[in-house]
Every structure is written in C-alpha cells, then in structure tokens.
Amino acid sequence: MSSLPEDLYPDIFSRLPVKSLLLCKCVCKNWYALICTSDFVKFHLNLTTQKNNPIFMLKGLDSDFLYSIDYDLLASSVSEIEADAIEMDHPFKSLNYGVDFLYSIVWIWLSENDDDDRDHFCFWNPATREYKEIPSHKRVYMLESNSWKDEQTIPYQFLLVQNSGVLVNGHLHWLVSGEDDFLPYYNFLLISLDISDDSFKEMQLPKEFLEESTGIILGELEGCLCALVSSDGYGALVHFEVWKMLDHGIRESMSERYVIVHDSFVSTPFYFKLVWSFNNGEILFLSWDKLVLYEPNKGSAQLKTCSSPLLKAEYYFESLVSLNSGSYVGAENH
C-alpha cells in the first residue's frame, strides 16, 4: 500500500471492521496515528451507522450471560437463538450485574448480589473490549471530559418497562407520568432530553390512540420516533398499532403506519418491543421468549425462539471510540 496516495488511506480504513483496524494499528506508526485520530474515529462510526446493520445484544431473564447476534444470523433458517448467538466476554463477568445499553458504548451496572450493590457503573466498548469503571453518584457523568456535573431534578415517574429511553434525532425519549401520580395511559406525557444541551421538553400524546390503548411502548422506526400501541378485548390481545412521528417533536405528525395481528408472536403488551428496523423493510421485535423478524408488507414473520424468556434485546454499532482507561476485558488478571 506504500504506493497509494496518503489521502486514500482514511477512505480504505473506514470500510474495515473494528477487529481489522485494531490489527492495522500494529503495522506501523503512521497507520496507528491515523486510526487513533478523533476525526477518523467519528468518520468510521458515521459510516458504520449509515450501513444500518448493527449488532444485537441479548440477555436472558434466567441467565447471567450476554449474547450477541447480527442480521445474517437472525435471517438464517435456524430457529433457536442459542444455536446462532455468540456468548460475549464482558467486564467482571463472574459477578451478578444489571445491564443497559447506550449506542456504541454499553454501560453495565455492577452488583455483587441481589442485596449488596457495589454502587459502581462500568462503561464498555464491546468492539475494542475496553472498559471503564466509575463510581455511582446522583450526578451526570460526562465521558468526553471525564467529569461530573450536578443532576437536574426531574418531576416525572419513568416507566420501568423502558427506563433507558429511546434515542432518536439526538434526543432520548420516555413515556412518563407525574412525580406522585399513577395515571392511565391517556394522561401520560412524552418527554425528550436533548443530549447536546441537557434540556427537557414535554409533549402531549395524541388522544386518538391513547384513550383506547392498554399499553404503549416507544421505539424507533425508520429513523423516526414511534409508539407501539396495544389493544385488547376482554383480556385477549387483539393487535398492535405502530404509530410513527413523521416530523420530530410535532404531535400532529403522528400517524398510524402498521397494524400487527400475528398470533404466533403477539402475546403480551408488557414484553413486546421494537428493537430495530432494517433498510429492506424488515422490523426486529422482542416478544418475551423470542426474537421476531417481521415483514410488514407481507405480514410474514420469522421467529427465533429462546429456551428462557429474554429480558433485554438492544443494539450497538461497533466503533473505535476510546474510554481512555487502558483497561481491557481479558486483561484483568495480567
């Protein structure tokens, strides 16, 4: 490659997966310097997200293990998740833990056991294996500046079914009630947090689907905020309506996109979640003990079953984002 013009290197490297780039860093000082620059890291992450093919991380209800699976394996003919999913090495794997996810960086809540919290969090980049353990405070931790700032008082109650928020258009979204109220769904609010300036905004949801619903779960569909609205009759689930916000932040732009009636996977509104929508039109759902690749135009579904209920199914994009910790999974005892 020495005969190639220097300005072609970033374009070539940006098309490689993280695992290959980590090997390229060891070839020579020039490659190392290029791949480590913040501009290249951002460029590579942007290109990766544009491909719209993330990796999915799974956690079972009765298991302390994390698994990963990509679209190619999801779309294979094998119907059991355990046959395709790959068990992941993660920080402090021997401990019990609570897990949540944030884009290309995963944060893990560390807990010694059910009664004795370690009161620590751990950020983890699965692609580079780097992790960073930080103490838990009632303040906001800024990863880029490695600093803390005072928390805001938020006068809302967050729903436990979706307490990590839905990231769309640079905003995290939650469905909430008042601080001391347990309100019916038609009185719930949609709030968003602009992660660029930490400002909150609240919005009333359309009454057209709130008054008749028995459950609402937020998600992302084709780059837009959406709501999965369940409806039942006399205790038997009838269908899910998928509403999409065409113009971000504008209540009136919410419109019904799909109606899902599929007995094979629509079972309960409390464990039904839109995980991801692909460029080919397929939608990945989590439905209690299975993952579902749903083709809305055909109404067909491909099921990936699990031997035990799935507690979480989230996505992340591989990235070179550094935590500047120098700690890596697998090197704890070296």
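Residues numbered from 1 in each chain as written. Predicted model: local features only at pLDDT ≥ 70, side-chain atom pairs only at ≥ 80, totals over all residues. Heavy atoms only, no water.

J.: Sorry if this is basic, but what is going on with the overall build of the chain here?
T.: Looking only at helices and strands, the chain features 7 helices and 24 strands. Relative to its full complement of 334 residues, the chain shows a buried share of 45%. Within the chain, counting contacts between residues at least 6 apart in sequence, those at least 24 apart form 47% of the total. If you sum the accessible surface of the chain, you get close to 17700 Å²; carbon and sulfur atoms cover 51% of it. (Helix = DSSP H or I, 4+ residues; strand = E, 2+ residues; numbered from the N terminus. Buried < 20%, exposed > 50% of the residue type's maximum accessible area, 1.4 Å probe, protein only. Contact = heavy atoms within 4.5 Å. Areas by Shrake-Rupley, 256 points an atom, 1.4 Å probe, with all protein chains shown as cover.)

J.: What am I meant to see in the environment of valine 261 here?
T.: Within the element layout of this structure, valine 261 appears in the loop between β18 (254–260) and β19 (272–277). Classification of valine 261 as exposed rests on a relative accessible area of 53%. Here the alpha-carbon distance between valine 261 and glutamate 241, two residues 20 residues apart in the chain, equals 9.0 Å.

J.: What is the right way to read the pattern of salt bridges from this model?
T.: Applying the stated rule across the entire model yields 6 salt bridges. In this structure, the salt-bridge partner of arginine 15 is aspartate 11, at a minimum N-O distance of 3.1 Å. In this structure, glutamate 222 engages lysine 244 in a salt bridge whose closest nitrogen and oxygen atoms are separated by 2.5 Å. With glutamate 222 in the loop between β15 (215–221) and β16 (224–233) and lysine 244 in strand β17 (residues 236–245), the pair connects residues that are 22 residues apart, well separated along the chain. By relative accessible area, glutamate 222 is classed as partly exposed at 37%. Looking at lysine 244, the relative accessible area reads 9%, which means it is buried. Each of the salt bridges in this network shares a partner with another, and the network as a whole consists of Glu222, Lys244 and Arg257. (Salt bridge = Lys/Arg side-chain N within 4 Å of Asp/Glu carboxyl O.)

J.: When you look at the sheet that holds strand β23 (residues 310–316) in this model, what are you seeing that I'm missing?
T.: As a general point, the strands of a sheet are linked pairwise by backbone hydrogen bonds and lie either parallel or antiparallel. With antiparallel pairing, the 4 strands of this open sheet are ordered in space as β3-β2-β1-β23. This sheet does not close on itself; its edge strands, each paired only once, are β3 (86–87) and β23. In the sheet, strand β2 (residues 66–69) pairs with β3 via 2 bridges, with the strands oriented antiparallel. Following the sheet pairing, tyrosine 67 is matched in β3 by glutamate 87. (Pairing = 2+ DSSP bridges.)

J.: Sorry if this is basic, but what is going on with unusual backbone geometry here?
T.: Excluding glycine, a negative phi dihedral is what most residues carry, and trans is how most peptide bonds are arranged. In the Ramachandran plot, asparagine 52 falls in the positive-phi region, its phi being about 55 degrees despite a non-glycine side chain. What makes asparagine 52 buried here is its relative accessible area of 14%.

J.: Could you clarify how one ought to interpret a nonpolar patch on the surface in this entry?
T.: Residues Leu4, Leu8 and Ile12 make up a contiguous nonpolar surface patch of roughly 200 Å² in combined accessible area. Its place among the elements puts leucine 4 in the segment before α1 (9–13). (Patch = residues over 30% accessible without salt bridge, like charges linked within 9 Å, V, L, I, M, F, W, Y side chains within 5 Å.)

J.: Quick question: what am I supposed to make of the nonpolar core here?
T.: In a soluble, globular protein the nonpolar side chains are often hidden away together inside. Ranked by internal contacts, the top residues of the largest apolar core, which has 20 residues, are Phe56, Leu284 and Leu291. For this core, the leading source of residues is β23, giving 3 residues. With sequence-adjacent residues up to four places away left out, phenylalanine 56 is seen in contact with Tyr67, Ser68, Ile69, Leu74, Val275, Trp276, Phe278, Leu284, Glu314 and Tyr315. (Core = buried A, V, L, I, M, F, W, Y, C linked by side-chain atoms within 4.5 Å.)

J.: Please clarify how the side chain of histidine 173 should be interpreted in this entry.
T.: Mapped onto the fold, histidine 173 is located in strand β12 (residues 171–178). Here the side chain of histidine 173 touches histidine 171 through a polar contact of 3.2 Å, landing on its backbone oxygen. Within the local environment of histidine 173, its side chain forms a polar contact with the side chain of histidine 248, the two groups lying 2.8 Å apart. Those residues in contact with histidine 173, other than ones at most four positions away along the chain, are Gly165, Val166, Val168, Leu190, Ile191, Ser192, Leu218, Leu225 and His248. (Polar contact = N/O pair within 3.5 Å; in protein donor to acceptor, adjacent residues only side chain to side chain.)

J.: How should the environment of isoleucine 191 be read in this particular structure?
T.: Mapped onto the elements, isoleucine 191 comes out in strand β13 (residues 189–194). Given a relative accessible area of 0%, isoleucine 191 falls into the buried group. Note: C-alpha distance between isoleucine 191 and leucine 175 (16 residues apart in sequence) is 6.5 Å.

J.: Where do I start with the packing of aromatic side chains in this structure?
T.: Aromatic ring pairs: the centre-centre distance and the angle between the two ring planes describe each pair. Applying the stated criterion to the full structure yields 10 aromatic pairs. Put simply, the rings of Tyr9, Phe13 and Trp31 touch in pairs and so form one group of aromatic residues. (Phe/Tyr/Trp six-rings, centres within 6.5 Å; stacked < 30°, edge-to-face > 60°.)

J.: Please clarify how the sheet that holds strand β21 (residues 290–295) should be interpreted in this entry.
T.: Taken together, the 4 strands give an open sheet; going across it, the order is β19-β20-β21-β22, and neighbouring strands pair in antiparallel fashion. Every other strand in the sheet has two partners, leaving β19 and β22 (300–305) as the edge strands with one partner each. Across the sheet, the mean angle from the axis of one strand to that of its neighbour is 25 degrees, orientation sign disregarded. (Axes fitted to C-alpha atoms, helices over the stretch in contact; angles between N-to-C directions.)

J.: Sorry if this is basic, but what is going on with the pairing of β22 here?
T.: The pairing of β21 with β22 spans 6 bridges and is classified as antiparallel. When the sheet's bridge partners are listed, tyrosine 294 is paired in β22 with alanine 301.

J.: When you look at helix α4 (residues 38–50) in this model, what are you seeing that I'm missing?
T.: For an α-helix the count is 3.6 residues per turn, leaving residues at separations of three or four pointing the same way. Here α4 contains 13 residues, and its C-alpha end-to-end distance of 18 Å stays within 8% of the 18 Å for a straight helix at 1.5 Å per residue. Along α4, the residues classified as buried are Phe40, Val41, His44, Leu45, Thr48 and Thr49. What you see down the axis of α4 is that its buried residues fit within an arc of 165 degrees, all on one side. Residues Asp39, Lys42 and Gln50 are exposed on α4 and point more than 90 degrees away from its buried face. Structurally, α4 contributes buried residues whose contacts are with α1, α2 (18–24) and α3 (29–36). (Expected span 1.5 Å × (residues − 1). Arc of directions from axis to C-beta.)

Without other data, these values stay purely geometric and don't point to any function.
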